[in-house]
Amino acid sequence: MQSGLNGLLRPGERLDDLLTENIRIIQSEDVFSFSLDAVLLARFCSVPHRGRIVDLCTGNGVIPLLLSTRTKASVVGVEIQPRLADMAARNVSLNGLGDQLRMLEGDLKDIHNVLGREQFDMVTVNPPYLPIRAGEQNGNPHIAAARHEVHCTLDDVLAASARLVRTGGRVAMVHRPARLADILVGMRQYRLEPKRIRFVHPREGEEANMVLVEALRDGKPEVRLLPPLIVHEGDEYCHELRAVYYGQSKQLRESGGVEGGGESG
């Protein structure tokens, strides 16, 4: 289909550019294409410079690919859908990142039996947002599973994150603001203390449609509410978002300017 891809593309797939460090990504509108929420999570989380990271609900592996531009840590992506897990593995091969990234097909509810308990410095997750009872499920099973809690609930995600992250490690999530109360209550239930929250608004004056949350395993109770991110300025992305989306910056800014990766409590 394209020279030099060595059969990595399947029918219906395309090759896109992540616009940062020459990283390319295989996608398919019929199966899965990443959206802005994944980019924001990968640029919001306080990544360790080294160590181990696991990305749950990894889809086609976009978050591990983006994290590889920010850290030397090893990153494992976990995806339950075989077709997406295969796409994620091919994305690792395509970019020559096999020494740093690894993709596993598996269920996050029992993946600790493979990866071990409390072995990771950070867990990232862009989970399905909608309970099965809410809204009409998409007829495409791949898209339905990405949007609705078909394979895992919010509680499953938080429980799995808590099993995987070490004391002092972090869990970062992107979700819908309507679920924020459930997220914060659930995090504390699993000893994940919320530390940073940032709301994402489509435009100034509009309600938030995404929220980024980062928690510290066994941390002290204290949370920072960061300045809101306004996605659009007129018909264009805001300057901050353009910088991370087009590869000029590897992390979102926040008040104070730097990541909170060195915090211990």
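This text goes with the structure placed above it.
Residues numbered from 1 in each chain as written. Predicted model: local features only at pLDDT ≥ 70, side-chain atom pairs only at ≥ 80, totals over all residues. Heavy atoms only, no water.

K.L.:
What's the story with the packing of helix α6 (residues 154-164) against helix α7 (residues 180-189) in this structure? I'm lost.
P.N.:
Two packed helices can be described by the angle between their axes and the distance between those axes. Where α6 contacts α7, the axes come no closer than 10 Å and their chain directions differ by 35°. Crossing of α6 over α7 shows right-handed handedness. Contacts between α6 and α7 involve Leu154, Asp155 and Leu158 on the former and, on the latter, Asp182, Ile183, Gly186, Met187 and Gln189. Grouping the constituent residues of the contact of α6 with α7 by class yields 4 nonpolar, 2 polar and 2 charged. (Axes fitted to C-alpha atoms, helices over the stretch in contact; angles between N-to-C directions. Helix = DSSP H or I, 4+ residues; strand = E, 2+ residues; numbered from the N terminus. Left-handed = near helix turned anticlockwise from the far one by under 90°. Contact = heavy atoms within 4.5 Å. Nonpolar A, V, L, I, M, F, W, Y, C, P; charged D, E, K, R; others polar.)

K.L.:
Which parts of the structure should I look at to understand unusual backbone geometry?
P.N.:
One non-glycine residue, leucine 19, lies in positive phi territory at about 65°. The topology assignment puts leucine 19 in the loop between β1 (14-17) and β2 (24-27). Among the residues examined, leucine 19 registers a relative accessible area of 38% and is labelled partly exposed. Despite not being glycine, cysteine 57 has its phi angle at roughly 55°, a positive value. When its relative accessible area of 23% is taken as the criterion, cysteine 57 is described as partly exposed. (Buried < 20%, exposed > 50% of the residue type's maximum accessible area, 1.4 Å probe, protein only.)

K.L.:
Honestly, the pairing of strand β4 (residues 74-79) in this entry has me stumped. Any pointers?
P.N.:
On a regular strand, each side chain points to the face opposite its neighbour's, so the side chains alternate between the two faces of the sheet. Judged by how many residues are buried, β4 sits mostly within the fold: 5 of 6 residues are covered. Bridge count between strand β3 (residues 52-56) and β4: 5 bridges; the pairing is parallel. Among the inter-strand pairings, leucine 56 is bridged to a residue of β4, identified as valine 78. With respect to chirality, the unit in which β3 leads through helix α2 (residues 62-67) into the neighbouring parallel β4 is right-handed. For β4 and strand β5 (residues 101-105), the ladder comprises 5 bridges, and the chain directions are parallel. Counted as the bridge partner of valine 78 is leucine 104 from β5. As for the winding sense of the linkage, the β-α-β connection from β4 through helix α3 (residues 82-94) to β5 is right-handed. (Pairing = 2+ DSSP bridges. Right-handed = clockwise from strand over helix to strand, strands pointing away.)

K.L.:
Sorry, what's going on with the nonpolar core here?
P.N.:
Note that soluble globular proteins tend to have their nonpolar side chains buried in a common cluster. Core analysis: the largest hydrophobic core is formed by 49 residues, its most contacted members being Leu18, Phe34, Leu40, Val62, Leu67 and Leu212. Elements supplying a minimum of two residues to this core: β2, α1 (36-44), α2, α3, β5, β7 (165-175), β9 (210-217) and α8 (239-245). Sort the elements by how many residues they give to this core and α1 lands first, with 7 residues. Leucine 40 has contacts with Val200, Met210, Leu212, Leu229, Leu241 and Leu252, leaving out every residue within four places of it along the chain. With 29 residues, the next largest nonpolar core counts Leu115, Val165, Leu180 and Val213 among its residues. (Core = buried A, V, L, I, M, F, W, Y, C linked by side-chain atoms within 4.5 Å.)

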